[in-house]
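Analysis of the macromolecular model
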Amino acid sequence: MREYQQYIGGQWTGSDQLFDDLDPYRGTVMARIPAGTRSDAARAIDAAAAAFPAWADRPPAEKQALFLKAADIVERREDEIKELLATETGCAGGFAHFQVLTATRLLRQAANWGYLPAGEVIRSDMPGTFALALRKPLGVVAGISPWNGAHVLAWRTVVNPLAFGNTVVLKPSEEAPISAGLLVAEIMAEAGFPDGTINVITHAPGQAVPIADEFFDRPEVRCINFTGSSATGRILAERAGRALKRCVLELGGYNPLIVLADADLDYAVEAAAFAAFFHSGQICMNARKVLVEQPVYDTFIDRLTTRAKSLPTGDPAVPGTIIGPLITPAARDRVAREVDEAVAEGATVLAGGGSDGPCYQPTILADVPAGARIHSEETFGPVLVAQPVADADEAVKIANSTRYGLSAGLITSDNQRGFALARRIEAGVVHVNDQTIADEPQLPLGGVKDSGWGRSGPESMSDFTELQWITTRDGTGPYPI
Ligand code: ADP
């Protein structure tokens, strides 16, 4: 079994302490991972700070070549990455392919971001003064990445800041230290990224806080780039406030899918099944609630229930599997508990409703009472709440009634009406005549309300650079004293 090392300052570094990385489907140990400590984080920050000036000044063409090379390596290693995603995170083939494809697209697009305008010339009212606003990288960005979209989200955590001239220390989730971290380091090392530009440190389960302590205490770290739960995001935002550091937060969602009465119902059923059950409901953009206009509710729900029951569940490495295991037995038990609680409070199970070994069955619940947690909180499993609505206005009102605002979908055959409704939905992303899950590197993915702040893609330039106002003045004009 492979024992991994951390990647600090261009060196692979062993550790006295290792922990087990588990296969969520089999429950077996798939690799041994360094249980890194706060001092490893300190060394990684030192290395990133040392590498920063040269990386910031490196010509765009040279950075471009590195990103393009990394993209080629990801593409070449696709089969290996997909296998790893299955054994380390329980990810089935469809989502694993999506992760690889999106990572390569991100790298290829970011390769050009070094050529984006680096500021603006702004007219000054001071005679003879030439003024400009110049974009400069921040310094070291600390990335904290999750296990769910392990590989693609790790790339997003590092590529956006690196493309704008920062160096990075990445701390992947303890549930996916390889696919969300060490593999990214391996690929970047192979591509030839300079020592210290990317550093990856790992830690044992439950030991994120000492690493985060180092991130917050060190002045070289200028920004925390986080993707994960709203609960952890809130802790990090509070700490960032105290430390006066920036933070970029892509958090959870309670994403509504609205089906209007004029929708093509066959299409709407496919869209809803995908939105609710892709990656076993473990994507921040999965639909958690489907709001269906009353006249088509019964027909739609009947067809969706049949579709949910047909989804193949089991080993994610087997082609055709749609519903793999949840990331840990504890995660599966939490989903089961939340469903059971809703049922005890009066919800009706239309499909699923139970565990299947390490997997949870694709589940649809109706009549979920307002007091049940699942009625307005993210489940992070393959569970969809179905609710009829009188009309589109009621759907928008319910969609906006949660504390989240990440993604929404609205299925209608009238795009113009859909567009008008989309603008009333409180979410960072709304897809008209489509479902809730999408990610394209050039588009500004991100949330409002408790779903976080900041946007990915080229738009992240504003998060990962400082704007410096520089003036030059001709002559020797008088001052008023
Ligand atoms: P989940 O509960 O789904 O694992 P989290 O938001 O807890 O989601 O995890 C996302 C990332 O945040 C992981 O890398 C995890 O190690 C990290 N993390 C969890 N708690 C903290 C914390 N208090 N400080 C810093 N990082 C944390």
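Residues numbered from 1 in each chain as written. Predicted model: local features only at pLDDT ≥ 70, side-chain atom pairs only at ≥ 80, totals over all residues. Heavy atoms only, no water.

1. Notes on the packing of aromatic side chains
Tallied over the full model, the rule gives 9 aromatic pairs. Taking 4.6 Å as the distance between ring centres and 45° as the angle between the ring planes, the aromatic pair formed by Tyr 7 and Trp 12 counts as tilted. Taken together, the aromatic side chains of Phe 95, Phe 98, Phe 274 and Phe 278 make up a single cluster linked through ring pairs. Between the NZ or CZ atom of Lys 63 and the centre of the ring of Trp 55, over which it lies, the distance is 5.3 Å. (Phe/Tyr/Trp six-rings, centres within 6.5 Å; stacked < 30°, edge-to-face > 60°. Lys NZ or Arg CZ within 6 Å of the ring centre and 35° of its normal.)

2. Describing the site of the ligand
The environment of the ligand is made up of 16 residues, and the closest members are Ser 145, Trp 147, Lys 171, Glu 174 and Ser 229. Ser 173 has a polar backbone atom sitting 3.5 Å from an oxygen atom of the ligand. Contributions of two or more residues to the shell around the ligand are made by α7 (208-217) and α8 (230-243). Per-element tally for the shell around the ligand: the top contributor is α7, with 3 residues. Here the shell around the ligand is built from residues that sort into 8 nonpolar, 6 polar and 2 charged. (Near = heavy atom within 4 Å. Polar contact = N/O pair within 3.5 Å; in protein donor to acceptor, adjacent residues only side chain to side chain. Helix = DSSP H or I, 4+ residues; strand = E, 2+ residues; numbered from the N terminus. Nonpolar A, V, L, I, M, F, W, Y, C, P; charged D, E, K, R; others polar.)

3. Observations concerning the sheet that holds strand β17 (residues 363-366)
Spatially, the 7 strands line up as an open sheet ordered β14-β17-β18-β13-β12-β19-β20, and their pairing is mixed. Pairing within the sheet leaves two strands with one partner each, and these edge strands are β14 (348-351) and β20 (429-432). Here the strands of the sheet are splayed against their neighbours by 25° on average, with no regard to which way each runs. In terms of strand pairing, strand β12 (residues 255-259) meets strand β19 (residues 407-411) through 3 bridges, oriented parallel. Bridge pairing links Val 259 to Ile 411 in β19. Each of β12, β13 (287-293), β17, β18 (383-389) and β19 touches helix α9 (residues 265-277); the most contacted strand, β12, lies at about 170° to it. Against the sheet, helix α12 (residues 392-399) touches β12, β13 and β18, its axis set at about 160° to β13. (Pairing = 2+ DSSP bridges. Axes fitted to C-alpha atoms, helices over the stretch in contact; angles between N-to-C directions. Contact = heavy atoms within 4.5 Å.)

4. Focus: the domain arrangement of the protein chain
For an interface, size is often stated in terms of accessible area lost upon the parts coming together. Partitioning the protein chain into domains gives domain 1 (2-251) and domain 2 (255-432). Here the C-alpha centroids of domain 1 and domain 2 sit 31 Å apart. Across the boundary between the two partners, domain 1 contributes 19 residues, which contact 22 residues of domain 2. Summed over both sides, the interface between domain 1 and domain 2 buries roughly 1700 Å², with carbon and sulfur atoms accounting for 65% of that surface. Ranking the residues of domain 1 by area buried against domain 2 places Tyr 25, Phe 95 and Trp 147 at the top, with a combined share of 32%. Counting the contacts that link domain 1 with domain 2 gives 1 salt bridge. Of the charged contacts, one joins Arg 26 and Asp 315 as a salt bridge, the two residues approaching to 2.5 Å between their closest N and O atoms. (Domains from an automatic or database assignment. Buried area = accessible area lost by both parts, 1.4 Å probe. Salt bridge = Lys/Arg side-chain N within 4 Å of Asp/Glu carboxyl O.)

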